[in-house]
Amino acid sequence: MMMWHNKFVVVGVTGGIAAYKAAELVSVLTREGAEVQVIMTASAQQFITPLTLQTLSKNPVIVDMFAEPKAWEVQHVALADKADLFLVVPATANLIGKVANGIADDMLTTTIMATRAPVVFAPAMNVHMYANPIVQMNIHKLRGFYHFVEPGSGRLACGYEGKGRLAELSEILETAGRVLNSGTSAQQTPGEYSNRVVTNINDQLEAQQCGVADYSGLTVLVTAGATREAIDPIRFITNRSTGKMGFAIAEAAARRGARVILVAGPTNLPAPPGVELVAIESARDMYAAVTEHYPGVDVVIKSAAVADYRPKQRAGQKIKKGEGDLILELERNPDILAQLGKTKQRQVLVGFAAETNDLIRHASDKVRRKNLDFIVANDVTQAGAGFGTDTNMVKFIFPTGEIHELPMMPKSEVAGAILDQVLVILRQRDKE
Ligand code: C5P
């Protein structure tokens, strides 16, 4: 890992049970040639001693801003400027909350505020704290500016997976390395992202205060994966969709308390806990399943990659090869989403637009033509977006022309952002 050689890494350690794992991280980074400066919060010292981290980092650990008179005035700025990368491991709900709200009341928060270096947070906390909507909103807000390594999951007594355990060290190092290498200097500049998203967050906070930021009592229909259009009993036409995005949405909605119906094409993914899986093959199967459930659902999220065409004739027997070429005639499949848009009552309709060119123009056209509430648009030619990846980079495009741009994030988090946005729309409806 030559990448760490001579890099100046500030490691922020906050007061959680996982603080001891920061010791190993510091040790690996130092071994790899990085210069490591540790900043601890006051409560972190309850979990690990500054002396341990000082020994491993070979640098004095900073805890108290005012310990050396006068020095503090410049030290946070000096460290902030010098850093190539900030790693906050573990990041508690408290630290995340402070940074998300512009609070800088100790050395760590002050230095994070002053730095232009990229910052990676590795949250670790109790599963219920992590699931708390306020914590999630803070993370969502910070995602526009900083990087996150998602905590790991553990099974909860209720049968769902709960998140909160600090990510594996290897994963933290991998993300940190990627961020360092990507050369994305610091946070995204506010103009690019924050204005729109911050209003969005405010809407969400408002929704939260009104007690509707939860999916209990709501039925969500999600479609996922590719359809298969049979040519003969052996062959079919399909596409590259794996279903990961739709399964992540179904899982997140179930975790938030929704009844979830997941209509999915053939996939290797296991059904998420608590989700009603309706397995289909062709676009026409999907059409039948979706229209059957449509009248009883509150939200439809159509992430499936539905085949637009199917072979006009499905041969009853395997087609034998002949001497010449074979011409396959295709006919149009029904556009399921457009049909739902036509008969929309109170449902919130969310579509997906995977494009390879003119993303915004095509997606904006679809959102209006199909009468959707918004469309999740992604340029599938970009690295880290589209089929088969675990991450996605999407834009929400609204019929008004408004666009919310999200940074690259794991599909599970894109799922959360979509569900947050749907709640904002439901909340506005309730007001009307
Ligand atoms: O027009 P396009 O196929 O790109 O639109 C994509 C959106 O429409 C997706 O949400 C997809 O699930 C949906 N769709 C559909 N039925 C089709 C084709 C696409 O519901 N036949």
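All residue numbers refer to positions counted from 1 along the written sequence of the respective chain. Reporting in this predicted model follows two pLDDT cut-offs: at least 70 for local features of residues, and 80 or more for side-chain atom pairs to be given and counted; totals over whole chains, interfaces and linings ignore these cut-offs and use all residues. Note that water and hydrogens are dropped before the side-chain values are worked out from all heavy atoms of the structure.

1. Regarding the site of the ligand
And then number 1: Near the ligand you find K302, A304, V306, D308, P334, D335, I336, L337, G351, F352, K366 and K370, and these make up its full shell.
And then number 2: Nitrogen and oxygen atoms within 3.5 Å of one another constitute a polar contact, given that in protein one can donate a hydrogen and the other can accept it, and given that sequence-neighbouring residues count only through two side-chain atoms. I336 has a polar backbone atom sitting 3.0 Å from a nitrogen atom of the ligand.
And then number 3: Contacts to the ligand include L337, whose backbone N or O atom sits 2.9 Å from an oxygen atom.
And then number 4: For the ligand, the protein covers 89% of the area, taking 450 Å² as the surface of the free molecule.
And then number 5: Gly is put with the polar residues, along with every residue not named as nonpolar or charged; the nonpolar set is Ala, Val, Leu, Ile, Met, Phe, Trp, Tyr, Cys and Pro, and the charged set is Asp, Glu, Lys and Arg. Here the residues of the shell around the ligand are counted per class, giving six nonpolar, one polar and five charged. It suffices for a single heavy atom of a residue to lie within 4 Å of a molecule or strand for the residue to be listed as near it. Computed with the Shrake-Rupley method and a 1.4 Å probe, the accessible areas treat only the protein chains shown as cover for residues.

2. Section: the sheet that holds strand β8 (residues 219–224)
And then number 1: Here we have eight strands laid out as an open sheet, ordered β12-β11-β8-β13-β16-β17-β19-β20, and mixed in their pairing. The open sheet is flanked by β12 (275–279) and β20 (403–405), the only strands paired with a single partner. Averaged over all adjacent pairs, the angle separating strand axes in this sheet is 20°, with direction ignored.
And then number 2: Strand direction decides the pairing type here: strand β17 (residues 374–379) and strand β19 (residues 395–397), joined by three bridges, are antiparallel. Two strands qualify as a pair provided that DSSP identifies no fewer than 2 bridges between them. Put simply, DSSP marks the helices as runs of H or I at least four residues long and the strands as runs of E at least two long, and each gets a number from the N terminus on. For helices, the fitted line uses only the C-alpha atoms of the stretch in contact; every axis is such a line through C-alpha atoms, and the angle between N-to-C directions lies from 0 to 180 degrees.

3. As for the sheet that holds strand β5 (residues 147–148)
And then number 1: If you trace the five strands from one edge of the open sheet to the other, you get β2-β1-β3-β4-β5, paired in parallel fashion. If you trace the sheet from one side to the other, it starts and ends with β2 (35–40) and β5, each paired once.
And then number 2: Pairing of strand β1 (residues 8–13) with strand β3 (residues 85–91) involves four bridges; the strand directions are parallel. Along β3, the bridge assignment pairs G12 with V88.

4. Observations regarding the pattern of salt bridges
And then number 1: Each salt bridge in this description consists of a side-chain nitrogen of Lys or Arg and a carboxyl oxygen of Asp or Glu lying within 4 Å of one another. Applying the stated criterion to the full structure yields 19 salt bridges.
And then number 2: Taken together, the shared-partner salt bridges in this structure form one network comprising K98, D105 and D106.

5. Concerning the packing of helix α1 (residues 19–31) against helix α8 (residues 169–182)
A pair of packed helices can be characterised by two numbers: the angle between their axes and the separation between those axes.
And then number 1: Where α1 contacts α8, the axes come no closer than 11 Å and their chain directions differ by 50°. Here α1 lies oblique to α8, going by the angle between them. With respect to the hand of their crossing, α1 and α8 are arranged in right-handed fashion. Of the residues in α8, those touching α1 at K21, E24, L25, V28 and L29 are L169, I172 and L173. Just so you know how the angles are binned, under 35 degrees is roughly parallel, over 145 roughly antiparallel, 65 to 115 roughly perpendicular, and the rest oblique. Less than a right angle of anticlockwise turn of the near helix away from the far helix marks a crossing as left-handed, whereas a clockwise turn marks it as right-handed. The contact criterion used throughout is that any non-hydrogen atoms of two residues lie within 4.5 Å.

6. Focus: the confidence of the model for the protein chain
And then number 1: Residues with a pLDDT of 70 or more make up 89% of the protein chain, whose mean pLDDT is 86.
And then number 2: Taken as a whole, residues 155–160 scores under 50 in pLDDT and shows nine contacts with residues more than four places along the chain or in a different chain.
And then number 3: A low-confidence stretch, residues 184–213 stays under pLDDT 50, and its non-local contacts, those more than four residues away or across chains, total 56 contacts. pLDDT: the predictor's confidence for each residue, scored from 0 to 100.

7. Quick notes on the side chain of S303
And then number 1: Locating S303 in the fold gives a position in the loop between β13 (299–302) and β14 (309–311).
And then number 2: Whether a residue is buried, partly exposed or exposed follows from its accessible area with a 1.4 Å probe, protein chains only, as a fraction of its type maximum: under 20%, in between, or over 50%, in that order. Among the residues examined, S303 registers a relative accessible area of 12% and is labelled buried.
And then number 3: In terms of polar contacts, S303 uses its side chain to reach the backbone carbonyl oxygen of T223, at 2.5 Å.
And then number 4: Excluding anything up to four places from it in sequence, S303 contacts V222, T223, A224, M245, G246, I249 and F352.

8. Focus on the pairing of β1
And then number 1: Across the six residues of β1, six count as buried, placing the element largely inside the fold.
And then number 2: A two-sided burial pattern is seen for β1, the buried positions comprising F8, V10 and G12 on one face and V9, V11 and V13 on the other.
And then number 3: Examined bridge by bridge, β1 and β2 share six bridges and lie parallel to one another. Each bridged residue has a counterpart across the sheet, and for G12 the counterpart in β2 is I39.

9. Re unusual backbone geometry
And then number 1: In this model, V89 is joined to P90 through a cis peptide bond whose omega is -10°.
And then number 2: Residue placement: P90 occurs in strand β3.
And then number 3: Within the chain, K58 stands out as a residue other than glycine whose phi angle is a positive 60°.
And then number 4: Tracing the sequence through the fold places K58 in the loop between α2 (50–57) and α3 (71–82).
And then number 5: For K58, a relative accessible area of 67% translates into the label exposed.
And then number 6: Its identity as a non-glycine residue notwithstanding, N371 has a phi of 60°, on the positive side.
And then number 7: With respect to the secondary-structure elements, N371 resides in the loop between α13 (359–369) and β17.

10. So, the pairing of strand β4 (residues 119–123)
The two faces of the sheet receive side chains in turn, since in a regular strand these alternate between them.
And then number 1: Counted residue by residue, β4 has five buried out of five residues, so it is predominantly covered.
And then number 2: What you see with β4 is no split at all: V119, F121 and P123 on one side and V120 and A122 on the other are buried throughout.
And then number 3: With four bridges joining them, β3 and β4 adopt parallel strand pairing. Across the sheet, residue F86 finds its bridge partner in β4, namely V119.
And then number 4: Bridge count for β4 against β5 is two bridges, and the pairing is parallel. Across the sheet, residue V120 finds its bridge partner in β5, namely H147.

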